[in-house]
Amino acid sequence: MKLLYLYLRSRQADRAAVYLALIALFAWAWQYTEGGSMPRVGSLLVVPALGAAVVIGGGTLSPFGELETTMSRPLAPTRLMHMLGLLAVAGLGLAAANGWTDWAITRNVAGLTGLTLLTARVVGGTLAWTVPICFSIMALETSPIPAWNWPMHGAVDARAATIAAALLLIGLSAIVAGGAPDRFGEPG
Amino acid sequence: MSIRLLRIATRRNVGLWLCPLIVAFCLLAVYGLGLDWSIYLWPEMSEFVGKTVLIIGPCIAGTAAWMAGRESRCGLEDLLATTPRPAFARQAATWSGTVIWGLSAYIVAGAILIGIALRHAVWGGPTWWPMAVGLLAVPAYAAVGYVAGASFVDRFAPPFIAFLALLGEIALGVMLGGASPGPAQLSYLSPTPLLDVSVWYGVRPNVGLPQGLSMIGITVLCLGVLARREGTRGLARGLLAGGGCLAVASVLALIVVAPAGVMDLRSARTSAGPRDAAIVPYTPACAGTPLPVCMHPAYRMYLRGDAAVINRLTAPLRGIPGAPTRAAQSPGAAGVIDGVLAFVLSDLPTDDAAMPADLTTDQSFFGPIAVSLVGADAAADGLDRCSSDYGFATGTQTCLPAQEAIGIWLVRQAGLRLTTTERSVGQGYPYFGNDWAIASAAARRFAALTPAQRHVWLLAHYRALRLGRLPLSALP
């Protein structure tokens, strides 16, 4: 338990939770200004979910760099709990902000988080946010119909949900196994 | 800030990693925006180049935020406080290094797009101001990100700042752009506002100067804040004053120069009424077919195929009173206007560029033409006519049952096929889909007549049909 506590402190999980709460508040305010009865489409589906995903990705940075790999205990379960915890805070926060009525935002949080974690594994935690941001801009700017543009699809779209779930699983397994490498020698 | 310092700051910069990624995503995004279509128009390409800032901006803001926190993260603040040069010179070098990578990404992506346009576009030339605004926006994004990153050193700051930059783009460029006239003018403060882009009028409204001024103003203001933070007070005062003046000037210039909103420009273009702006001069490219067809020279590659399709569609109407005697591509208003069949080369009435390569067999081309042939004159108000719904990915045009039946028959006799498409409201026929089964059956009955019988019927009923005064029961 102490290891988990120290791990979460080293990853500034408390700050991440504050950022996630801010994003949920912002999503609620956005929806409030757009009108509660409006169908949730376009930017409102993608942007708050993206904000949550990139904050979660920021948590993958290790303050100890390569040193952490010499630990005697495996960090995989701790990493998994950290990521799932943040994901739960983000998902529940945005679902609550959205009035518990539309799960598309929660699906997008999961999928975009998966993409962020996958990026973190490949290019390091420093730039984990780049691919999801670029992808989300593409999703917002281009046609919402193709399957690759799953964040813009409605909550009932099973294919979009499958893609998001697959991305999350791949991202989680990639990051849990080895963590995010420190490519720039600048611990977070 | 020496060249050597700048070289080190550029070489040891996260932007180096980011640059190829940004270029790849810019090209992918532009591809999705319209490069997968077959025609290349200079106004669109010029806007695409400027629009790459949509991706480059947030990315470079986040990168700058990360670079700004580097000294603090590595615990070098105390050590660097002993250097003889002012801290601002060091910070400015790091900011410049980040800007260099951002500009490199912008220039590479832009050069690729311009190269494609140079190779394929057949008419006109580049519009420089959207590209120049994009170029000035990159340092502005980096400056905002750098100041924010220096003020909040936090592992979550870079992604959060990138996210906020994206949010700013959406709030300013998209939300305000579609708002009522007052706030719509402020949307032009974004480097990527909604614009009216066409070969007919170019890129409108031309707000390049105020946009450029605002970008420079933001950059100078942020550098002023940074200089003040680092204790270079004299320089900070000058930068803050200069940046403030530029920012105020740009807002004032926007209020004076910018039109009410881009939506008004677009609706003016698609209406059949008088034009409030001059069309960019051009010599039409025409086909000497039985029904002459003229098009904008930028679309010359479509002329032969389109003229053939239009002639096949209108062949049964030749010699019928009220039928078009020639066809011409229009900036936005479609329909039969004073005997001229005006058609738009797009799947939406407001844009020019989005067109499939196999245009002649695509219903987004011949569907609206068939609708125009059975609907009322666009200029004659107060009459029943086919209605269009171009809402969010719905794109339907429906008519009265008799009009739909003849429209379906016209399409079929031309050897073309109407198909269902996937829309946000589900599968459906985008043209004549009001009650497809009934209209289609009536079209089949009409097709069973001899050509002479059809001609006689059209001579007697075509005008009433187009005015929406013919019930379905009047069809044979």
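Definitions and limits used
Residues numbered from 1 in each chain as written. Chains lettered and ligands numbered in written order. Predicted model: local features only at pLDDT ≥ 70, side-chain atom pairs only at ≥ 80, totals over all residues. Heavy atoms only, no water. pLDDT = per-residue confidence, 0-100. Helix = DSSP H or I, 4+ residues; strand = E, 2+ residues; numbered from the N terminus. Contact = heavy atoms within 4.5 Å. Salt bridge = Lys/Arg side-chain N within 4 Å of Asp/Glu carboxyl O. Buried < 20%, exposed > 50% of the residue type's maximum accessible area, 1.4 Å probe, protein only. Disulfide = S-S within 2.5 Å. Buried area = accessible area lost by both parts, 1.4 Å probe. Pairing = 2+ DSSP bridges. Core = buried A, V, L, I, M, F, W, Y, C linked by side-chain atoms within 4.5 Å. Axes fitted to C-alpha atoms, helices over the stretch in contact; angles between N-to-C directions.

1. Some points on the confidence of the model for chain B
Residue and element names in this part refer to chain B. Overall, the prediction assigns chain B a mean pLDDT of 84, with 85% of residues at 70 or greater. In the model of chain B, strand E8 (residues 387-389) stands out as the element of lowest mean pLDDT, 63, in contrast to helix H8 (residues 128-151), which has the highest, 95. Confidence drops under pLDDT 50 across residues 347-354; counting only partners more than four residues distant or on other chains, this segment forms 34 contacts. For residues 390-394, every residue scores under 50 in pLDDT, and the model assigns this stretch 13 contacts once sequence neighbours within four places are set aside.

2. Digging into the pattern of salt bridges
Residues and elements named next belong to chain B. Tallying each qualifying case throughout the model produces five salt bridges over all chains. The residue Glu71 makes a salt bridge to Arg90 at a minimum N-O spacing of 2.7 Å. Separated by 19 residues along the polypeptide, Glu71 in helix H5 (residues 70-73) and Arg90 in helix H7 (residues 87-120) bring together distant segments of the chain. Take Glu71 and Arg90: they sit in the same class, and that class is buried. Asp196 serves as the salt-bridge partner of Arg204, at 2.7 Å between the closest nitrogen and oxygen. Per residue, the accessibility class of Arg204 equals that of Asp196, and both read buried.

3. Topic: the state of the cysteines
Following the criterion strictly, the structure yields one disulfide over all chains and no others. Residue pairing for Cys286 of chain B: its cysteine sulfur links by disulfide to Cys294 of chain B, the two sulfurs lying 2.0 Å apart. When the S-S torsion is 105°, as for the bridge of Cys286 of chain B with Cys294 of chain B, the disulfide is right-handed. Cys286 of chain B gets classed as partly exposed once you look at its relative accessible area, which sits at 46%. Looking at Cys294 of chain B, the relative accessible area reads 17%, which means it is buried. The cysteine Cys134 of chain A is free of any disulfide, with Cys59 of chain B supplying the nearest cysteine sulfur at 3.5 Å. Cys26 of chain B carries a free sulfur, and the closest cysteine sulfur to it, the one in Cys134 of chain A, is 7.2 Å from it.

4. Quick look at the interface of chain B and chain A
Contact with chain B, which involves 36 residues of that partner, is made by 42 residues of chain A. In total, about 3,600 Å² of surface goes out of reach between chain B and chain A, with carbon and sulfur atoms giving 78% of it. In terms of surface lost to chain A, no three residues of chain B exceed Arg155, Phe156 and Phe163 of chain B, which account for 22% of the buried area on that side. Where chain B packs against chain A, one counts two salt bridges. Across the pair Asp154 of chain B and Arg15 of chain A runs a salt bridge, and its minimum N-O distance is 3.0 Å. Elements that contribute at least two residues to the side of chain B that touches chain A include exactly helix H2 (15-35), helix H4 (53-68), H5 and helix H9 (157-175) of chain B. If one sorts the elements of the side of chain B that touches chain A by residue count, H9 of chain B sits on top with ten residues.

5. With respect to the pairing of strand E7 (residues 340-343) of chain B
Residues and elements named next belong to chain B. Residues Val340 and Ala342 line one face of E7 and the alternating positions Leu341 and Phe343 line the opposite face, and both faces are buried. Bridging between strand E5 (residues 326-329) and E7 involves four bridges; their strand directions are parallel. Bridging from a neighbouring strand, Arg326 pairs with Val340 of E7. Where strand E6 (residues 335-337) lies against E7, three bridges are found, and the strand directions are antiparallel.

6. Things to note about unusual backbone geometry
With an omega of -10°, the peptide bond between Arg204 of chain B and Pro205 of chain B qualifies as cis. With respect to the helices and strands, the residue Pro205 of chain B is situated in the loop between strand E2 (202-204) and helix H11 (208-229). Notably, Gln12 of chain A is not glycine yet its phi reads approximately 50°, a positive angle. Within the secondary structure, Gln12 of chain A is located in the loop between helix H1 (2-10) and helix H2 (13-34). For Gln12 of chain A, a relative accessible area of 24% puts it in the partly exposed group. Backbone geometry places Asp338 of chain B, a non-glycine residue, at a positive phi of 50°. As for its placement among the helices and strands, Asp338 of chain B is situated in the loop between E6 and E7.

7. Quick notes on the side chain of Ser250 of chain B
Residues and elements named next belong to chain B. Residue placement: Ser250 occurs in helix H12 (residues 233-257). Ser250 gets classed as buried once you look at its relative accessible area, which sits at 1%. Excluding residues within four positions of it along the chain, Ser250 makes contact with Leu189, Pro210, Leu213 and Ser214.

8. What about the nonpolar core?
Among the nonpolar cores identified, the biggest contains 120 residues, and Val55, Leu94, Val109 and Leu112 of chain A together with Ile22 and Ile55 of chain B are the most heavily contacted of them. Considering each element in turn, this core owes the most residues, twelve residues, to H4 of chain B.

9. Things to note about the sheet that holds strand E3 (residues 285-287) of chain B
Residues and elements named next belong to chain B. Reading across the sheet, the five strands line up as E3-E4-E5-E7-E6 and stay open at both edges, with mixed pairing between neighbours. The sheet is open, and its two borders are formed by E3 and E6, each paired with just one other strand. Ignoring which end each strand starts from, the neighbouring axes of this sheet average 25° apart. Looking at chain direction, strand E4 (residues 293-295) and E5 are connected through two bridges and run parallel. Looking at E5, one finds that Val293 is bridged to Ala327. Where helix H14 (residues 300-314) meets the sheet, its contacts fall on E3, E4, E5 and E7, and the angle it forms with E4 comes to roughly 145°.

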